[in-house]
Amino acid sequence: MTAQTAPQPAEGLRQHLAEAMAQEAGSLAFRKTGTEWEHPRSVWLARADAAVNALHRWEQQGTIFRMCTIPSCLRELNIAQPERGWLQSSSVGYMCPDHGPLLWGDADDPRDRHVPAWRQVSTGARLCCSCGWDAGPTLFRNHGTVLWQAHVLVMLETMETAA
Ligand SMILES: [Zn+2]
Ligand SMILES: [Zn+2]
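Summary of the structure given here. Residue positions are counted from 1 within each chain, in the order its sequence is given. To label them, take the chains in the order written and letter them from A, then take the ligands in the order written and number them from 1. Under the rules for a predicted model, residues below a pLDDT of 70 receive no local features and side-chain atom pairs below 80 are neither given nor counted, while totals for whole chains, interfaces and linings still include all residues.

The next thing to look at is the nonpolar core. As used throughout, a nonpolar core is a set of buried Ala, Val, Leu, Ile, Met, Phe, Trp, Tyr and Cys residues joined through C-beta atoms within 7 Å of each other. Whether a residue is buried, exposed or partly exposed follows from its count of other C-beta atoms within 10 Å of its own C-beta, namely 20 or more, 12 or fewer, or something in between, respectively; the C-beta atoms are built from the backbone. Within the largest apolar cluster, 14 residues are counted, with the highest numbers of intra-cluster contacts made by Cys68, Tyr94, Met95, Leu127, Trp148 and Val152. Secondary-structure elements contributing two or more residues to this core are strand E4 (93–95), strand E6 (124–129) and helix H4 (143–162). Broken down by element, the residue count for this core peaks at 3 residues, all from E6. Contact definition: two residues whose C-beta atoms, as placed from backbone geometry, lie within 7 Å. Those residues in contact with Cys68 that lie beyond four places of it in its chain are Cys73, Arg75, Tyr94, Met95, Cys96 and His99. Among the nonpolar cores identified, the runner-up in size contains 5 residues, and Ala22, Ala29, Trp44 and Ala48 belong to it. The way it works is that DSSP assigns letters per residue, a run of H or I at least four long becomes a helix, a run of E at least two long becomes a strand, and they are numbered from the N terminus.

What follows is the structure, encoded as structure tokens:
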């Protein structure tokens, strides 16, 4: 037992993940030392790199909390442990259990719902709402989302007045 007395390079998350994943899968890659295990080890390390990169991207986006896409709403979703009832749209983000049913709910006629989707038109992509609304040409990143948020704020106000 002399090898372990010398200082070792700090292993970090990558090594830890690779070993944990290999063990979980029943692989002996990190328990055997023979050179024939170098390839399996490198495969597990590559998977660990992918996982670490995904975690970094997640971190760079800020926190694991996401706000409801309705600007006046303060509800937050913990994307690590999603609460029931939250909905998600790739065009505009997350909607809380209050606003989701109201705007994306089960009205039979899609025109009574406000489900956004990007559509290709001759001049590029355009954010359209299932109710028939259309964002028109957009000028910057997220412009369509901002316009759609303004559109549904008006719709919510109309619903409230009607109720
Ligand atoms: Zn909300
Ligand atoms: Zn709409």
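Once that is clear, we can look at the pairing of strand E5 (residues 116–121). Criterion used throughout: strands pair if DSSP finds at least two bridges between them. Alignment of E5 against E6, held across 6 bridges, turns out to be antiparallel. The residue bridging Val121 from the neighbouring strand is Gly124, located in E6. Counted between consecutive antiparallel strands, the loop separating E5 from E6 contains 2 residues.

So far we have only geometry, and geometry alone does not tell us how the molecule works.
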